[in-house]
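A look at the structure
Residue-level listing of the chains:
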Amino acid sequence: MAIENSFIHTQLREQVAIDRAADDLRRGLPVVLIGDDAALVAFPAGLTEEGHLRRIKELGVPQLLISRERAAILKIHHKGHEAVRLVCPNSLTASDIRAVVDPTADLASPLKGPFTVIEPASSAQEALVGAALMLLKIARLLPGVLMVPLDLSRAESTAAENGLLTVKVASVTAYDQTTLNHMGEVARARLPVLGAENGTIVAFRSQTGGLEHFALVIGDPSPSKPVLVRLHSECFTGDALGSLKCDCGNQLRGALEAIAREGSGILLYLAQEGRGIGLVAKLKAYTLQDQGYDTVDANLRLGFATDERTFGPASAMLRHLGFHRIRLLTNNPEKVAGLEAEGIAVTERVAHKFPANPHNAHYLETKRDKTGHFL
């Protein structure tokens, strides 16, 4: 038991290190990532200023790391690699580097390249650069890295000499699962809401910290039969500000009304803004939409997958609340498949759609035509 507790403590300590590293990246500080046979210094390319570039060059010869989605947009042959490493010519300025990873600068800086791709020398090196991009996503930053390769023997000393945090590749790749393994209820309170005064809100968070997810339980649903559930990804612009660019606000309010009519049910409010890319990146996607791109193309141009969300948090919350069979309010078949892959039985998909307006009609058409929503 002592060995097991020690292992759990080590896991949690490493998870906390990742969250601290993500905070440093968001503040414009590099971190050192350590793999099995190599290491690297990682800096968020989208935040690069000339002073950052000078300091990075003091640590070695920098390279650029982008996702395969962004590489495809830039017509770079990525050969299927999730992370694509590029030579960073000495002539590139900080503005040039930002433009490589931030598509909102594409119109102002249309000419990029030519680029030389650096192929990974081993599967361990491929895992190393993949973890670097993953770390940027954990930090809710654009997935582009200004990096300096390091010999494994230099990693700890480089970090110590420059006051940089270190994280391990294995800890980054295990981040989501470890977070789930230690996620639990941290608060519960009665919460009457408009149309459903018999509500209870339950907050969930990992022992490592990080983002909170919430469950609003309305009435007294019985685990003995499938409960009506809505998975709702947070949408600040739609839920709080009433944005007309999406249908999120209508979906949120409509779900509460549907559950109230049912008499009981659960709304899961998940910290997965912008299909998992974060609010700032979503606003950049809005900028691209104003340039004529749809929501799917905007995400790809930013370097993200079409949908970065996972269903582990939702399934963990449902199991904690005692529910394993549900009726799901959704028009997204991926939610049904994702929950079932996590062990939650979806006995029925309950349609959940709302009329379009002039501002979101194309958005809804894209959901129907490109991501298979039943609209």
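Only a predicted model underlies this, so the values are computations on that prediction, with no experimental measurement involved.

**Thoughts on the overall build of the protein chain**
Within the protein chain, the secondary structure is distributed over 16 helices and 14 strands. Here the C-alpha atoms of the protein chain give a radius of gyration of 22 Å, agreeing with the 21 Å that 2.2 N^0.38 yields for 375 residues. Structurally, the protein chain occupies a C-alpha span of about 65 × 60 × 30 Å along its principal axes. A burial count over the protein chain gives 49% of its 375 residues as buried. Sequence-distant contacts in the protein chain: of pairs separated by 6 or more residues, those separated by 24 or more amount to 67%. Accessible surface, the protein chain as shown: approximately 17,500 Å² in total, 53% of it carbon and sulfur. Put simply, the protein chain has 40 plus and 42 minus side-chain charges, and the middle of one group is 3 Å from the middle of the other.

**A closer look at helix α14 (residues 312-321)**
Of all 10 residues in α14, eight are buried, a share of seventy percent or more. Inspection of α14 places G312, P313, A314, S315, A316, M317, L318 and L321 among the buried residues, and these make up the whole buried set. G322 occupies a position one or two residues after α14 and carries a positive phi of about 95°.

**Concerning the pattern of salt bridges**
For the structure shown, the criterion picks out 21 salt bridges. Linking K137 and E308 is a salt bridge whose minimum nitrogen-to-oxygen distance equals 3.0 Å. In this pair, K137 is assigned in helix α5 (residues 123-138) and E308 in the loop between α13 (295-301) and α14, connecting sequence segments 171 residues apart. Judged by relative accessible area, which is 21%, E308 ranks as partly exposed. A salt bridge links E185 to R188; the nearest nitrogen and oxygen atoms lie 2.9 Å apart. Residue classification places E185 among the partly exposed positions, given a relative accessible area of 31%. Through salt bridges that share partners, R70, D106, K112 and R301 make up one connected network.

**Description of a nonpolar patch on the surface**
Together, F236, L241, L279 and L283 make up an exposed nonpolar region whose accessible area comes to about 360 Å². Take L279: its relative accessible area is 30%, and that puts it in the partly exposed class.

**Brief notes about the environment of G338**
Relative to the helices and strands, G338 is located in helix α15 (residues 333-341). Judged by its relative accessible area of 13%, G338 falls in the buried class. Expressed as a C-alpha distance, the spacing of G338 and F374, which sit 36 residues apart in the sequence, is 16 Å.

**Side note on the pairing of strand β3 (residues 63-67)**
Within β3, five of the five residues are buried, which leaves the element mostly enclosed by the surrounding structure. Burial along β3 is two-sided: the face carrying Q63, L65 and S67 and the face carrying L64 and I66 are both buried. Note: β3 against strand β4 (residues 83-87), five bridges, orientation antiparallel. Counterpart to Q63 in the pairing with β4 is V87. The pairing of β3 with strand β6 (residues 144-150) spans four bridges and is classified as antiparallel. Note on β6: the bridge partner recorded for L65 is V145.

**Re unusual backbone geometry**
A positive phi angle, near 60°, is found at K75, a position not held by glycine. Its location among the elements puts K75 in the loop between α3 (68-73) and β4. Accessibility expressed as a relative area gives 71% for K75, which makes it exposed. A positive phi angle is found at R275, which is not glycine, with a value near 55°. With respect to the helices, strands and loops of the structure, R275 is situated in helix α11 (residues 273-276).

**Looking at the sheet that holds strand β10 (residues 209-218)**
Here seven strands make up an open sheet; going across it, the order is β8-β9-β10-β12-β11-β13-β14 and the pairing mixed. Every interior strand has two partners, whereas the edge strands, β8 (183-190) and β14 (345-350), have only one. Neighbour-to-neighbour, the strand axes of the sheet open up by a mean angle of 25°, direction not taken into account. Sheet topology places strand β9 (residues 199-206) next to β10; seven bridges connect them, and they run antiparallel. Considered in β10, the bridge of G199 is made with I218. Against the sheet, helix α10 (residues 248-262) touches β10, β11 (227-233), β12 (265-270) and β13 (325-329), its axis set at about 165° to β11.

The rules we used
- Residues numbered from 1 in each chain as written.
- Predicted model: local features only at pLDDT ≥ 70, side-chain atom pairs only at ≥ 80, totals over all residues.
- Heavy atoms only, no water.
- Helix = DSSP H or I, 4+ residues; strand = E, 2+ residues; numbered from the N terminus.
- Rg over C-alpha atoms; globule rule 2.2 N^0.38 Å.
- Buried < 20%, exposed > 50% of the residue type's maximum accessible area, 1.4 Å probe, protein only.
- Contact = heavy atoms within 4.5 Å.
- Areas by Shrake-Rupley, 256 points an atom, 1.4 Å probe, with all protein chains shown as cover.
- Lys, Arg positive; Asp, Glu negative; His and termini not counted.
- Charge placed at Lys NZ, Arg CZ, Asp CG, Glu CD.
- Salt bridge = Lys/Arg side-chain N within 4 Å of Asp/Glu carboxyl O.
- Patch = residues over 30% accessible without salt bridge, like charges linked within 9 Å, V, L, I, M, F, W, Y side chains within 5 Å.
- Pairing = 2+ DSSP bridges.
- Axes fitted to C-alpha atoms, helices over the stretch in contact; angles between N-to-C directions.

Spatial relationships are all this shows, so hold off on functional conclusions.
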